[in-house]
Amino acid sequence: MKKFSLKKIILFIVIVFLPIKPSIAVETIEPIKINWSFKGLTGKFDRPSLQRGFQVYKEVCSSCHSMQYLSYRNLGEQGGPEFSLEEVKAIAASLEVIDGPDSQGEMFTRPGRPSDRFVSPYPNVNASMAANGGAYPPDMSVLVKARTGGSNYIYSILMGYEEVPEGFNLDDGVYYNKYMSGKKIKMSSPLSNEIIEYTDGTQATVDQMAKDVTTFLSWAAEPELEARHKTGVKVLVYLILLTTLVYLSMKRIWSRIDSEI
Amino acid sequence: MSDHEYVPKSKAGKWFNDRLPLLSLASHLTDYPTPKNLNYWWTFGGILTFCLLTQIITGIVLAMHYVAHADLAFGSVEHIMRDVNYGWLIRYVHSNGASMFFLAVYIHIFRSLFYGSYKSPREVIWIIGLMIYLLMMAAAFMGYVLPWGQMSFWGATVITNLFSAIPLIGDSITTWLWGAYSVDNPTLNRFFSLHYLIPFLIVGLVVLHIWALHIPGNNNPIGIDVKKPSKDTVPFHPYITIKDGFALLMFMIIFSGFVFFAPNVLGHSDNYIQANPMVTPAHIVPEWYLLPFYAILRSVPDKLGGVILMFGSILILFVLPWLDTSKVRSAVFRPIYKQFYWIFLINVLMLGYMGAMPAEGIYLVCSRVGTVYYFLHFLVVMPVLGFLEKTDPIPMSISDPVLSGSVEPSLAKKDNEKI
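Each helix and strand counted, chain B has 16 helices and 2 strands in total. Its C-alpha radius of gyration of 24 Å places chain B within 12% of the 22 Å reference for a compact globule of 419 residues. Across its three principal directions, the C-alpha atoms of chain B cover 70 × 60 × 45 Å. A burial count over chain B gives 54% of its 419 residues as buried. Long-range contacts, defined as pairs at least 24 residues apart, comprise 78% of the intrachain contacts of chain B with a sequence gap of at least 6. Counting only carbon and sulfur atoms, one obtains 71% of the accessible surface of chain B, whose full area is about 18,900 Å². Across chain B, the centroid of the 26 positively charged side chains sits 8 Å from that of the 24 negatively charged ones.

Structure, rendered in structure tokens:
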């Protein structure tokens, strides 16, 4: 009665559960797959790309999107863009931070410090919605983790602006983007060729900027990624060695007993 | 319990042991005679203990940094991920640990179903185990609410709303559970409190679970009673400890794979969006380990009916030892039950898949068929099989080889009953 062997059951489980995608696509197309440098067991961020990506964020995205869980000091930390301390100080100082109240009970502005959180473009969510036709530009701190498809999805959205197909109705302030659910998005195409000038001389094509800023946002969402991969490899090597030793000891101990294990 | 009376060698040990026999307990635990033919499906008890301790230890540290407030909870989780030393590791171990805990508990339960470990004289072990499982689900559900993401909020809304299906007093009960007129800050606060409490209740039940186990001793793959201690048993230490340790390490390798290389695949991306009562996600899905029950809930068009069937699907397990009329424990000697077992397992997996799909069209039809079959398995198949099935010959002991025809099945059965 070996109709169902263990192998078959496991195969069945794999077949059934592999295709599970919690949300069912409502006429969305699969995002473009990019071979990101930070994927895989030993994946790392491309440092120059992170620095360029920050420039794109600062000069383009940050006029609407906040990034409230990051601090300027993070930009100099290991595993991130790794700007030098001087650069981090300069970046922070270029922004006005509201502080206070002072001894007179007044709020005041001062230049930013590395310990400050990223300055938000709007004082609150309602203000951001009022300024953007009723749509809230989502906070970008964990945006990559908050979207099915992650980095590929963010990159695809940036690349997904196309001519509106004939017969496709769009309201005012709504744009066509083939990777968006329903193909409609309230953000106009944020990138165009040479919209910024990269400080490292790289040519600022839309594709280049999309890749750079996606890399930056992926780091922002998972600043621990490099440390996690590095520790993970060590942990796995250690566990596999220990498991082997324990397996050999087990064989030895059980050899005293006339039983299979 | 062990037959010999343990006497500590040292005078101090004897003095202490006479007052609190902890050393006797330790001796009992190390000598505990265990059937020597236990396979790897038996290692999940130890693995589950490891899971519970891991959740408690990581949870205590997380609670030192977490803020249970509707406005601050989401941000405090990001604070843990970014600013707390190794906070990301502790949180990922805790969140993936929940999934690994359930993976292990499901294997543990299905092992019991296959080898008939729930049957006499182990009914109480089984029932305590189910109580642990119920508490685990409550703890996991409340824990999932704490990060206060979109799935947290809406999952909590869906589940707490189930209680409103109770006639007459349902709405009052729901309001009472919330502490407000919707899922809100008071709900989050009490969930945090209960989430911290439940694991310690589980620890208490685990002690009872193991205590109850040590009265009749372990069941084993061939399901016969074993004389203890005898050549059919080995002392728990070192034989079972080393084997459990090996299995635990294998389990930890898989666990680490998730924690370090795919920490978010088992979660839902929507939970990285802060809870927003004004925006409902397109699909509200629970964590994977609750999906089969979610499918049962949604398969009934009537809300109250769905709630009754969902709770019924778990409560029916409590009476399983009495629904199963077969005297033979292990499915190894039950050719027909063995096939029904696999069909049941596939049915549960199928229900889990349907729980992740929208409740419409073919998915709904499959959920309904699966739900009906789930109950048929317990209410019809299990009681009837015991009378109709012709079981295979059972060996007299673990060490004795099974000579086909050497023992009449009826004889072996009688022998089993006697013991």
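With that out of the way, let us pick up the nonpolar core. Formed by 123 residues in total, the largest nonpolar core has its most connected members in A:Trp254, B:Phe102, B:Leu113, B:Trp148, B:Tyr374 and B:Phe378. The greatest single-element share of this core, amounting to 16 residues, is contributed by helix α5 (residues 87-115) of chain B.

The next subject is the confidence of the model for chain A. Residue and element names in this part refer to chain A. Confidence in the prediction of chain A, expressed as mean pLDDT, is 90, and 88% of residues score 70 or more. Between the elements of chain A, mean pLDDT differs from a low of 58, seen in helix α1 (residues 6-17), to a high of 98, seen in helix α6 (residues 206-221). Counted against residues more than four places away or in other chains, residues 21-25, with its pLDDT under 50, gives 9 contacts.

Residue and element names in this part refer to chain B. Taken together, the side chains of Trp15, Phe16, Leu20, Leu22, Leu23, Leu25 and Leu29 make up a nonpolar region of the molecular surface, amounting to roughly 640 Å² of accessible area. For the nonpolar patch, the elements supplying multiple residues, two or more each, are α1 (11-19) and α2 (22-31). Mapping leucine 29 onto the fold places it in helix α2. Given a relative accessible area of 38%, leucine 29 falls into the partly exposed group.

Turning our attention to the side chain of B:Ser112. Residue and element names in this part refer to chain B. Note on placement: serine 112 falls in helix α5. With a relative accessible area of 6%, serine 112 lands in the buried category. When neighbours within four sequence positions are excluded, serine 112 is seen to be in contact with Ser117, Tyr118 and Trp126.

On to the environment of B:Ile398. Residues and elements named next belong to chain B. With respect to the helices, strands and loops of the structure, isoleucine 398 is situated in the loop between α15 (361-388) and α16 (409-418). Isoleucine 398 sits in the buried class, given a relative accessible area of 16%. Counting along the chain gives 167 residues from isoleucine 398 to lysine 231, while the straight-line C-alpha distance between them is 8.6 Å. If sequence neighbours within four positions are ignored, isoleucine 398 has contacts with Pro35, Lys36, Asn37, Asn220, Ile222, Ile224, Val226 and Asp232.

All names here are of chain B. Summarising the model, chain B shows a mean pLDDT of 93, and 95% of its residues fall at 70 or more. Below pLDDT 50 for its whole length, residues 403-419 participates in 19 contacts with residues either more than four positions away or in separate chains. Scoring the predicted complex yields pTM 0.91 and, for the interface, ipTM 0.90.

Let us look at the interface of chain A and chain B. Each side of the interface is counted separately: chain A has 52 residues, and chain B has 48 residues. Interface of chain A and chain B: buried area, both sides summed, is about 4,700 Å²; carbon and sulfur atoms make up 74% of it. Summed over the shared surface of chain A and chain B, the result is 1 salt bridge. Salt-bridge contacts for A:Arg73 lead to B:Asp83; the nearest nitrogen and oxygen are separated by 3.1 Å. Applying the counting criterion to the chain A and chain B interface returns 8 residue pairs in polar contact (both at pLDDT 80 or more). Broken down by secondary-structure element, the contributors of at least two residues to the side of chain A that touches chain B are α1, α6 and α7 (225-254) of chain A. The element best represented in the side of chain A that touches chain B is α7(A), accounting for 18 residues. Tallied by class, the residues present in the side of chain A that touches chain B amount to 33 nonpolar, 9 polar and 10 charged.

This brings us to the environment of B:Ala26. Take B:Ala26: it is sitting in helix α2. Measuring from C-alpha to C-alpha, the distance between B:Ala26 and B:Tyr6 comes to 9.8 Å, with 20 residues separating the pair along the chain.

Moving on to the packing of aromatic side chains. One pass over the structure, following the stated rule, counts 43 aromatic pairs over all chains. Seen in terms of ring centroids, B:Tyr86 and B:Trp88 are 6.3 Å apart; in terms of plane orientation they differ by 45°. Their pairing is tilted. Taken together, a centroid distance of 5.2 Å and an interplanar angle of 75° make the contact between B:Phe153 and B:Trp154 edge-to-face. Comparing B:Phe153 with B:Trp154, the two get one shared label, buried. The structure contains a cluster of three or more aromatic residues connected by ring pairs, namely B:Trp42, B:Phe110, B:Phe114, B:Tyr115, B:Tyr337, B:Tyr341, B:Trp342, B:Phe344, B:Tyr374, B:Phe375 and B:Phe378. Geometry around A:Tyr198 places A:Arg52 over its ring, the cationic atom sitting 5.7 Å from the centre. Residue placement shows B:Lys243 over the ring face of B:Tyr40; its charged tip is 5.1 Å from the ring centre.

The rules behind each value
Residues numbered from 1 in each chain as written. Chains lettered and ligands numbered in written order. Predicted model: local features only at pLDDT ≥ 70, side-chain atom pairs only at ≥ 80, totals over all residues. Heavy atoms only, no water. Helix = DSSP H or I, 4+ residues; strand = E, 2+ residues; numbered from the N terminus. Rg over C-alpha atoms; globule rule 2.2 N^0.38 Å. Buried < 20%, exposed > 50% of the residue type's maximum accessible area, 1.4 Å probe, protein only. Contact = heavy atoms within 4.5 Å. Areas by Shrake-Rupley, 256 points an atom, 1.4 Å probe, with all protein chains shown as cover. Lys, Arg positive; Asp, Glu negative; His and termini not counted. Charge placed at Lys NZ, Arg CZ, Asp CG, Glu CD. Core = buried A, V, L, I, M, F, W, Y, C linked by side-chain atoms within 4.5 Å. pLDDT = per-residue confidence, 0-100. Patch = residues over 30% accessible without salt bridge, like charges linked within 9 Å, V, L, I, M, F, W, Y side chains within 5 Å. Salt bridge = Lys/Arg side-chain N within 4 Å of Asp/Glu carboxyl O. Buried area = accessible area lost by both parts, 1.4 Å probe. Polar contact = N/O pair within 3.5 Å; in protein donor to acceptor, adjacent residues only side chain to side chain. Nonpolar A, V, L, I, M, F, W, Y, C, P; charged D, E, K, R; others polar. Phe/Tyr/Trp six-rings, centres within 6.5 Å; stacked < 30°, edge-to-face > 60°. Lys NZ or Arg CZ within 6 Å of the ring centre and 35° of its normal.

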